[in-house]
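Secondary and tertiary structure notes
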Amino acid sequence: AGIIPVIAPIGAGRDGETFTVVKYDDDVETFASNPVVVNNANRQRGLAYIDAIEDNGGTNIHDALRTAVMMEPTPGHLPIVIFVTDGVPTSGITEEDSIRRGVITANIHNRRIFTFGVGYDVNTRLLNGMADAGSGRSGYVRPGENLRESIGGFYDKVSAPLLTGLELDFGSNNVFRTYPSEP
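Thoughts on the pairing of strand β2 (residues 18–24)
Within β2, 7 of the 7 residues are buried, which leaves the element mostly enclosed by the surrounding structure. Burial along β2 is two-sided: Thr-18, Thr-20, Val-22 and Tyr-24 and Phe-19, Val-21 and Lys-23, pointing in opposite directions, are all buried. As paired strands, β2 and strand β4 (residues 36–37) are joined by 2 bridges and run antiparallel to one another. When the sheet's bridge partners are listed, Thr-18 is paired in β4 with Val-37. Relative to strand β3 (residues 28–30), β2 runs antiparallel, the two sharing 3 bridges. Paired with Tyr-24 across the two strands is Val-28, which belongs to β3. Between β2 and β3, which pair antiparallel one after the other, the connecting turn spans 3 residues.

As structure tokens, this is what we get:
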């Protein structure tokens, strides 16, 4: 089973931020249908939810990511998804381009998507493509490396962005290379 901590990693989240968790295997479930405010009670409930997760089958990456990106964002908060997986898609839609197109189409709230592959059995092309399409970054954690430290280090970098929603006007100039590319 996999999880997607939407918005902030639960243990690292500061009071007042928001989060939810999307659990996925053959099916997709959520801790909360929309992000909840980080406070001690919700943090403990979220961690208990994660602790109770059992592996019940495949890896439905498509439906999990669509569920995460379609959640209503909390006003005043940067809408991000942190996607963590230790496998390749084996349930639901499994074709890489179909997953990417389905998630991009569903990302109506323009959530930034950050992906983390754990172990060696991950589709790096899919994870890199999802992160690029979602204006995020991808990272990988090898067996024996500390996942909590990797995601915590990432969270420290993105928890206080200097600029969001930046738009540039190039006037009548032809622009042919931008990064990240628009989905």
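After that view of the structure, there is still more to cover.
Here we look at the pattern of salt bridges
Inspection of every chain in the model, using the stated rule, returns 4 salt bridges. Ionic pairing is found between Lys-23 and Asp-25, a salt bridge with its closest N-O pair at 2.7 Å. Here Lys-23 and Asp-25 have matching classes, each one buried. The shortest N-O distance in the salt bridge between Glu-96 and Arg-100 comes to 3.1 Å. Of the two residues, Glu-96 and Arg-100 are both situated in helix α3 (residues 96–106); the distance of 4 residues between them amounts to about one turn of the helix. Residue class for Glu-96 comes out buried when judged on its relative accessible area of 10%. With relative accessibility at 18%, the residue Arg-100 sits in the buried group.

Structural notes on the nonpolar core
One finds Ile-61, Leu-65, Val-69, Phe-83, Val-103 and Met-130 to be the most contacted residues of the largest nonpolar core, which totals 18 residues. Those elements that provide at least two residues to this core are β2, α2 (61–70), β5 (80–85), α3 and α4 (124–133). Counting residues per element, this core draws most heavily on α2, at 5 residues. Counting 8 residues, the second-largest nonpolar core is a separate cluster that includes Ile-80, Ile-82, Val-84 and Ile-151.

About the thresholds
Residues numbered from 1 in each chain as written. Predicted model: local features only at pLDDT ≥ 70, side-chain atom pairs only at ≥ 80, totals over all residues. Heavy atoms only, no water. Buried < 20%, exposed > 50% of the residue type's maximum accessible area, 1.4 Å probe, protein only. Helix = DSSP H or I, 4+ residues; strand = E, 2+ residues; numbered from the N terminus. Pairing = 2+ DSSP bridges. Salt bridge = Lys/Arg side-chain N within 4 Å of Asp/Glu carboxyl O. Core = buried A, V, L, I, M, F, W, Y, C linked by side-chain atoms within 4.5 Å.

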